[in-house]
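Descriptive structure summary
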Amino acid sequence: MGDRGAQTTGFSTRLTDFDDALIKRDICSREQCLLAKGMTQEQVMDLLVAEEAEARTREIEAVAVAAAADRDARKLELAAAAAA
């Protein structure tokens, strides 16, 4: 017989529509919903920190892309002004 205790299944971080409705109405938090799915407090905190870091990274990348586009637009304007 295999060791049933060694079997692990990863947790899904997707929440149900019902969970989303509870969160939207401030009845419970995302953390509470994830804990109710069976995650430990440590797993939830690790997940929330990772999600926050990913969101900040996307934010920084978006700012960098906007700055690069602005810089390129200025170069074109300067080149057009110099050519005129």
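Now for a description of the structure that goes with this document. Note that the coordinates shown come from a computational prediction; the quantities given were computed from them, not determined experimentally.

Further remarks concern the overall build of the protein. Scanning the protein from N- to C-terminus turns up three helices and zero strands. Helices (α) and strands (β) of the protein occur, in sequence order from the N terminus, as α-α-α. The buried share of the protein, reckoned over its 84 residues, is 11%. In the protein, of all internal contacts separated by at least 6 residues, the share reaching a separation of at least 24 is 25%. Of the accessible surface of the protein, which amounts to about 7100 Å², a share of 57% is contributed by carbon and sulfur atoms.

So, about the nonpolar core. Counting residues in hydrophobic clusters, the biggest one holds eight residues: Leu-15, Leu-22, Cys-28, Cys-33, Leu-34, Met-39, Val-44 and Leu-47. Elements that contribute at least two residues to this core include exactly α2 (30–36) and α3 (41–83). Sequence-distant contacts of Cys-33, that is, excluding residues within four places in its chain, are made with Leu-15, Asp-19, Ile-23 and Cys-28.

Despite not being glycine, Asp-26 has its phi angle at roughly 55°, a positive value. In this structure, Asp-26 sits in the loop between α1 (17–24) and α2. You can call Asp-26 exposed: its relative accessible area is 69%.

Our next topic: the pattern of salt bridges. Per the stated rule, a full pass over the model turns up four salt bridges. Arg-56 serves as the salt-bridge partner of Glu-52, at 2.9 Å between the closest nitrogen and oxygen. Within this pair, Glu-52 and its partner Arg-56 are both found in helix α3, separated by four residues, close to a single helical turn. Residue classification places Glu-52 among the partly exposed positions, given a relative accessible area of 42%.

Our next topic: the state of the cysteines. Applying the stated criterion across every chain, the model contains zero disulfides. Residue Cys-28 stays outside any disulfide, its sulfur separated by 3.4 Å from that of Cys-33, the closest cysteine.

Conventions we followed
Residues numbered from 1 in each chain as written. Predicted model: local features only at pLDDT ≥ 70, side-chain atom pairs only at ≥ 80, totals over all residues. Heavy atoms only, no water. Helix = DSSP H or I, 4+ residues; strand = E, 2+ residues; numbered from the N terminus. Buried < 20%, exposed > 50% of the residue type's maximum accessible area, 1.4 Å probe, protein only. Contact = heavy atoms within 4.5 Å. Areas by Shrake-Rupley, 256 points an atom, 1.4 Å probe, with all protein chains shown as cover. Core = buried A, V, L, I, M, F, W, Y, C linked by side-chain atoms within 4.5 Å. Salt bridge = Lys/Arg side-chain N within 4 Å of Asp/Glu carboxyl O. Disulfide = S-S within 2.5 Å.

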